[in-house]
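# Examining the three-dimensional arrangement
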Amino acid sequence: MKKILALLLALCMVLPLAACGDSKQPEAEGDFHLVLKLSHVFAPGEALTKTMDSIADRIKERTNGAIEIQTFPQGQLATYKDGLEQVVRGSEFISVEDPSYLGDYVPDFNILAGPMLVSSFEEYEYLLQSDEVKAMFEAAEQKGIKILNLDYIFGFRSMMTNKVIEKPEDLKGLQIRTPGSQLYVDTINHMGATAVPLPFSETISAVQQGVVDGLEGTIDAYATNGSAEVAKNMALTKHLLGVCGAYISTKVWDTIPEEYQIIIQEEFNAGAAEMVKTIAEGEAATRAKLEEEMGISFNEVDSAAFQEKVAPIYDNMPGVTPGLYDRFKEIIAEMP
């Protein structure tokens, strides 16, 4: 009987300690494994899709499988506003979207993504290094959004229709498909057309059926996403810089061991640099291919007239920092 009591007493002493140890022990870094779903709207052949796939492969290899990023192109998962909402809610999710969608949380990003703000890739990249934009990154983190990189440039966006567009008046009466971003909608409307937000999965058929008269996008997209089959003219309005950022929840980011955070950040930075180089070097060849093999025509436009039309957008952006647009223009003018 005494032996039984002694055993019971010893067991009572050991169990609480064991339970305590199990609940307090942090997960060993060697046991860490995280699966992230990365979503965007781009077609498989586009540069951004290839870039994200490459980034995911390199991160998986460098972390020995601890960080696994599953990529979902062409809107298979949540995109646009819905995608960024997944990030803000703390989902194990990477949203790859235009900076204008950040404007729902930090309004100043609407200026950075605004129409005809920059005229070259280099001007945009120079702005990203400014103290003003760095402060915007910090503000996004306060909203739960960690910006991994904001420099996935895929070219300037222009009008794709079956009509030659040279001036704002030429867009009168035309319905143009655009992503659901309010900034995109405002830009197309101010330029003289009527913006029709549609998922890209519905866009090509919408042009074929006459639901819309065309769409807008980059030369790279023109060559790969089916647009060239239904719209045979690109007016080089260059009204918006086609660029995306990659965003992850700060809550999720904070759970990742520092060793893996460094690898993830390095690869998202390297991927952006590679993509910009690829686009810059390949755009002329892509345009030539579209002209020669697909019968696409290109025409220049009255840029000054379009700039005048979109200028009021900056005056009516709600919540933006007063004078920031002018400051951005000053920074661009100071560029060496």
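Description of the structure in this document. The structure presented is a predicted model; accordingly, all values stated were derived computationally and were not measured. Each chain carries its own residue numbering, running from 1 in the direction its sequence is written. pLDDT decides what is reported in this predicted model: residues at 70 or higher carry local features, side-chain atom pairs at 80 or more are listed and counted, and totals for whole chains, interfaces and linings draw on all residues regardless. In computing side-chain values, all of the structure's heavy atoms are included and hydrogens and water are not.

## Digging into the overall build of the protein
How we decide: Counting from the N terminus, the helices are the DSSP runs of H or I reaching at least four residues and the strands are the DSSP runs of E reaching at least two. The classification of residues rests on relative accessible area computed with a 1.4 Å probe and restricted to protein chains. Under 20% of the type maximum is buried, over 50% is exposed, and intermediate values are partly exposed. Contact between two residues is taken to exist if any of their heavy atoms lie within 4.5 Å; hydrogens are not considered. With residues, only the protein chains shown are counted as cover, and all accessible areas are computed by Shrake-Rupley using a 1.4 Å probe. We count Lys and Arg on the positive side and Asp and Glu on the negative side, and we leave His and both chain ends out. Every charge is mapped onto a representative atom, which is NZ of Lys, CZ of Arg, CG of Asp or CD of Glu.
Assigned secondary structure in the protein consists of 14 helices and 9 strands. Oriented by its inertia axes, the alpha-carbon framework of the protein measures out at about 100 × 45 × 35 Å. Buried residues in the protein amount to 51% of all 336 residues. Restricting to contacts in the protein with at least 6 residues of sequence separation, those with at least 24 account for 77%. Accessible surface, the protein as shown: approximately 16,100 Å² in total, 51% of it carbon and sulfur. Charged side chains of the protein number 27 positive and 51 negative; the gap between the two group centres comes to 5 Å.

## A closer look at the packing of aromatic side chains
Here is the rule we go by: Each aromatic pair joins two rings of Phe, Tyr and Trp (for Trp, the six-membered one) with centres within 6.5 Å, and gets the label stacked for planes under 30 degrees apart, edge-to-face for over 60, and tilted for any other angle.
Taken as a whole and assessed by the stated rule, the structure comprises 6 aromatic pairs. With a centroid separation of 6.2 Å and an interplanar angle of 40 degrees, the aromatic rings of F32 and Y260 are classed as tilted. Within this pair, whereas F32 is found in the loop between helix 1 (2–24) and strand 1 (34–39), its partner Y260 is found in helix 11 (residues 258–294), the two being separated by 228 residues in sequence. Overall, Y260 belongs to the buried group, its relative accessible area being 8%.

## Thoughts on the pattern of salt bridges
What counts is decided by this rule: A carboxyl oxygen of Asp or Glu within 4 Å of a side-chain nitrogen of Lys or Arg is what we treat as a salt bridge.
A complete count under the given rule lists 12 salt bridges for this structure. Of the charged contacts in the structure, one is a salt bridge between E216 and R157, with a shortest N-O distance of 2.8 Å. Of this pair, E216 sits in strand 7 (residues 214–217) while R157 is found in strand 4 (residues 145–161), placing the two residues 59 residues apart along the sequence. Salt-bridge contacts for K167 lead to D170; the nearest nitrogen and oxygen are separated by 3.2 Å. Among the ionic contacts, a cluster of salt bridges with common partners joins R58, R62, E266, E267 and E274.

## Let's talk about helix 7 (residues 182–191)
Where helix 7 is concerned, the buried positions are L183, Y184, V185, T187, I188 and M191. Following helix 7 by one or two positions, G192 has its phi on the positive side, about 125 degrees.

## Some remarks on the pairing of strand 2 (residues 67–72)
The criterion, for reference: Strand pairing requires that DSSP identify at least two bridges connecting the strands. The handedness rule is simple: strands pointing away from the viewer, and a clockwise path from the first strand over the helix to the second, make the crossover right-handed.
Alignment of strand 1 against strand 2, held across 6 bridges, turns out to be parallel. Looking across to strand 2, one finds that L38 is bridged to T71. A crossover links strand 1 with its parallel partner strand 2, the connecting element being helix 2 (residues 47–62), and its sense is right-handed.

## Quick look at unusual backbone geometry
The phi dihedral of Y80 is positive, around 55 degrees, even though this residue is not glycine. Its location among the elements puts Y80 in helix 3 (residues 80–88). You will see that K238, though not glycine, has its phi angle at about 45 degrees, which is positive. Positionally, K238 belongs in strand 8 (residues 233–249).

## A few points about the side chain of S249
Applicable threshold: Counting of polar contacts relies on pairs of N or O atoms within 3.5 Å, with two restrictions inside protein: one atom must be capable of donating a hydrogen and the other of accepting it, and residues adjacent in sequence are counted only when both atoms are side-chain atoms.
Here S249 lies in strand 8. Since its relative accessible area comes to 1%, S249 is described here as buried. Of the polar contacts made by the side chain of S249, one reaches the backbone nitrogen of K251; its length is 3.1 Å.

## Some remarks on the side chain of E123
In this fold, E123 is placed in helix 5 (residues 121–128). Notably, E123 is buried but unbridged: the nearest opposite-charge side chain belongs to K329, and the N-O separation is 6.2 Å. Look past the residues within four positions of E123 in its chain and what remains in contact with it is V118, I332 and M335.

## Observations concerning the packing of helix 5 against helix 14 (residues 324–333)
Just so we agree on the cut-off: Whenever a helix is involved, its axis is fitted only over the stretch in contact; in every case the axis is a line through C-alpha atoms, and angles between N-to-C directions fall within 0 to 180 degrees. Orientation labels follow simple angle bins: below 35 degrees gives roughly parallel, above 145 gives roughly antiparallel, 65 to 115 gives roughly perpendicular, and whatever is left gives oblique. Take the far helix as the reference: if the near one is turned anticlockwise from it by less than a right angle, the crossing is left-handed, and if turned clockwise, right-handed. Under this grouping Gly is polar, as are all residues other than the nonpolar Ala, Val, Leu, Ile, Met, Phe, Trp, Tyr, Cys and Pro and the charged Asp, Glu, Lys and Arg.
Running from N to C, helix 5 and helix 14 point in directions that differ by 115 degrees, and their axes come no closer than 10 Å. The pairing of helix 5 with helix 14 is recorded here as roughly perpendicular in orientation. Both helix 5 and helix 14 take part in a crossing whose hand is right-handed. Only F328, I331 and I332 of helix 14 make contact with helix 5, whose side of the interface consists of E123, Y126 and L127. A per-class count over the contact of helix 5 with helix 14 returns 5 nonpolar, no polar and 1 charged.

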